[in-house]
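Results of the structural survey
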Amino acid sequence: MAVTFSNFHAESGLQSLNDFLSGKSYISGNKLSKDDIKVYAAVLKNPGDAFPNVSKWYNFVSSQLATSFPGKAVGVGFGGIAAPAESAKAEAADDDDDLDLFGDETEEEKKAAEEREASKKSAKKKESGKSSVLLDVKPWDDETDMKKLEEAVRSVEMPGLLWGASKLVAVGYGIKKLQIMLTIVDDLVSVDTLIEEHLTVEPRNEYIQSCDIVAFNKI
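In this report, we go over the structure that sits alongside the text. Computed from a predicted model, the values in this text were never measured in an experiment. (Residues numbered from 1 in each chain as written. Predicted model: local features only at pLDDT ≥ 70, side-chain atom pairs only at ≥ 80, totals over all residues. Heavy atoms only, no water.)

Moving on to the overall build of the chain. When you go through the chain residue by residue, the secondary structure sums to 7 helices and 4 strands. Relative to its full complement of 219 residues, the chain shows a buried share of 26%. (Helix = DSSP H or I, 4+ residues; strand = E, 2+ residues; numbered from the N terminus. Buried < 20%, exposed > 50% of the residue type's maximum accessible area, 1.4 Å probe, protein only.)

Below, the discussion takes up the pattern of salt bridges. Under the defined criterion, the tally for this structure stands at 4 salt bridges. Residue Asp212 is joined to Lys138 by a salt bridge in which the shortest nitrogen-to-oxygen separation is 2.9 Å. One end of the pair, Asp212, is in strand 4 (residues 208–218); the other, Lys138, is in strand 1 (residues 130–139), and 74 residues separate them in sequence. (Salt bridge = Lys/Arg side-chain N within 4 Å of Asp/Glu carboxyl O.)

Mapped onto the secondary structure, Thr4 falls in the segment before helix 1 (11–20). The sequence separation of Thr4 and Leu17 amounts to 13 residues, and the corresponding C-alpha distance is 9.8 Å.

Here the focus is the packing of aromatic side chains. On inspection of all chains with the given rule, the structure shows 2 aromatic pairs. Measuring from ring centre to ring centre gives 5.8 Å for Tyr26 and Phe60, while their planes differ by 70°; the resulting arrangement is edge-to-face. Here Tyr26, found in the loop between helix 1 and helix 2 (34–42), pairs with Phe60, found in helix 3 (residues 52–68); they are 34 residues apart in sequence, far enough to count as distant. In this structure Phe60 comes out as partly exposed when scored by relative accessible area, which is 31%. (Phe/Tyr/Trp six-rings, centres within 6.5 Å; stacked < 30°, edge-to-face > 60°.)

Side chains that are nonpolar tend, in soluble globular proteins, to be buried together. Formed by 22 residues in total, the largest nonpolar core has its most connected members in Val137, Val153 and Leu199. Looking at this core, the elements with two or more residues in it are strand 1, helix 6 (146–154), strand 2 (161–172), strand 3 (175–185), helix 7 (191–199) and strand 4. Setting aside its immediate chain neighbours within four residues, Val137 contacts Leu149, Val153, Lys177, Leu178, Ile180, Ile208, Ser210 and Cys211. Formed by 17 residues, the second largest nonpolar core is a distinct cluster that contains Tyr26, Leu32, Tyr40 and Val61. (Core = buried A, V, L, I, M, F, W, Y, C linked by side-chain atoms within 4.5 Å. Contact = heavy atoms within 4.5 Å.)

Right, let's talk about the environment of Lys138 for a bit. Lys138 gets classed as partly exposed once you look at its relative accessible area, which sits at 29%. Here the alpha-carbon distance between Lys138 and Ile208, two residues 70 residues apart in the chain, equals 6.0 Å. Those residues in contact with Lys138, other than ones at most four positions away along the chain, are Leu149, Lys177, Tyr207, Ile208, Gln209, Ser210 and Asp212. A polar atom in the side chain of Lys138 sits 2.9 Å from the side chain of Asp212. (Polar contact = N/O pair within 3.5 Å; in protein donor to acceptor, adjacent residues only side chain to side chain.)

Okay, structure coming up:
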């Protein structure tokens, strides 16, 4: 059943709204609806303690609208005829097709929301297992440019791979090897594939002779 209110510019109108909201949180139903938005648009400002039920309801609707429109407002003024801002607010609230903040979701919107949730859960599941790996990367000889060797290693990029700290370790006869840490997402990166298909093939095998897994630990 439709509810009719009188002029909220007068105290009698605010009093009727205050009486109506006694024991209620919303204009209609048990959640915020377009009825609340329409009445909110017609009330010029929070009437304060003189009408406590209206004041509490007005603050609640304001807080909900603030979360829907998080941008910082600087205030808007209008010149000319009296109270055009309030009239514009009421007209905008009456136009259900232009603004529907709390309307029921359509089937398409529900389906899209379900697909987004499923995608998030799938991505979270994929990234649930991680491992920390210590890798030995060996050069061909003592003349190999170790700086370029490390650059070649770190140039490998793929989803779920994160290179970490590294250091050069003496092997003997003037030869040094690169020890480098990496973190992988288990379902996305295979260390064997990383070595066989990325690190020890052209063009990186110009610097890299071989790679060995020194340590492999689940995180």
